Amino acid sequence: MLSYGQRIPIKTRSEIDKMREAARHVAEVLLILRDRAEPGMPTSEFDRVAQKEISQRGVKSSFKGYNPYGLPKYPAVICISINNEIVHGIPGDRRIEEGDLISIDFGVSVDGYHGDSAVTVIVGEVEEEKRRLVEKTHESLDKGIETMRPGKRLSDIGHAVQSHVEPEGFSVVRDFAGHGIGSEMHEPPWVPNYGSKGRGPRLQPGMVFAIEPMVNAGRADIEILDDEWTAVTADGSCSAHFEHTILIGEAGPDVLTRIEGSH
Ligand code: MF3
Ligand code: CO
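Residues numbered from 1 in each chain as written. Chains lettered and ligands numbered in written order. Predicted model: local features only at pLDDT ≥ 70, side-chain atom pairs only at ≥ 80, totals over all residues. Heavy atoms only, no water.

A. The site of ligand 1, seen in detail. What surrounds ligand 1 is a group of 13 residues, the closest being Asp-105, His-179, His-186, Glu-212 and Glu-243. Taking Asp-116, its side chain carries an N or O atom lying 3.2 Å from a nitrogen atom of ligand 1. One of the side-chain nitrogen or oxygen atoms of Glu-243 is found 2.9 Å away from a nitrogen atom of ligand 1. Across the complex, the protein chains shield 96% of the 330 Å² of accessible surface that ligand 1 would expose by itself. Of the residues in the shell around ligand 1, the class split is six nonpolar, three polar and four charged. (Near = heavy atom within 4 Å. Polar contact = N/O pair within 3.5 Å; in protein donor to acceptor, adjacent residues only side chain to side chain. Areas by Shrake-Rupley, 256 points an atom, 1.4 Å probe, with all protein chains shown as cover. Nonpolar A, V, L, I, M, F, W, Y, C, P; charged D, E, K, R; others polar.)

Here's what the structure looks like:
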């Protein structure tokens, strides 16, 4: 298991180059998927589009076949989680509808090095409460990223996320966290989206993390569906999810999965 105690890998120049390339593909494909989000689109179609991009680009899915802790192998190249679904939703026949919040999560590797990112998209017009949830969750990721500079402590990230969304009446999901990323999609350490600041290891240049706040409009509790993957809010409230892969640079955060036009 990943924990605070484990050593956090420092990436070499050539490892960073591979991760930067993987992350750029992730960012480009997420933009393509985001643009396809229209009412009537079946969730399986997003997966098909992503699969085609993977083949054309000659990269490898980080998600398909993934089976941590003896879970069934993840069957798709994206996760797509709608409204009360928090994360790890499996693409299928369901069609997205006007007013839905859809969170699309995508990761690939290049020469064995991974990039991982997620975005919540609003389909058409939504209620003000949903729009505010998406906006604040997105902002909370940026608040977390702002702390990611050499000398800061690991727990400063989650503290910044939590402090941004809780005053809005929203809650941070506890059961999932950000993570180190590199030659494995999930490397040490876990990076919870909550906690006090000033704890845990100091951030150093060459560390790379995937930071991914999941924020519920209602309570933080989750349930897992019978497919063993899809996490939903226990109270049925909506949830939003944003993720970036970020390198700790000498001068501050370097958001590897951010390109022009992306979240
Ligand atoms: N961003 C997700 C995470 O870090 C990606 C995992 S999806 C899976 O948990 F399908 F591969 F599990
Ligand atoms: Co992730």
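B. Main features of the coordination of the cobalt ion (ligand 2). On the protein side, the cobalt ion (ligand 2) has Asp-116 (OD), His-179 (NE2), Glu-212 (OE) and Glu-243 (OE) as donor atoms, found 2.1 to 2.2 Å from it. One chain supplies every donor to the cobalt ion (ligand 2), and in sequence these donors are spaced D-x62-H-x32-E-x30-E. With His-179 in strand S7 (residues 178–180) and Glu-243 in the loop between strand S13 (239–241) and strand S14 (244–249), this residue pair connects regions lying 64 residues apart in the sequence. Exposure class is identical for His-179 and Glu-243. Each is buried. (Donors = N, O, S within 2.8 Å, 3.2 Å for Na, K, Ca; no water. Helix = DSSP H or I, 4+ residues; strand = E, 2+ residues; numbered from the N terminus. Buried < 20%, exposed > 50% of the residue type's maximum accessible area, 1.4 Å probe, protein only.)

C. Quick peek at the environment of Gly-261. Position of Gly-261 relative to the elements: it lies in the segment after strand S15 (252–255). As a C-alpha pair, Gly-261 and Glu-212 span 49 residues in sequence and 19 Å in three-dimensional space. Not counting residues up to four positions away in its chain, the partners in contact with Gly-261 are Leu-31 and Arg-34. (Contact = heavy atoms within 4.5 Å.)

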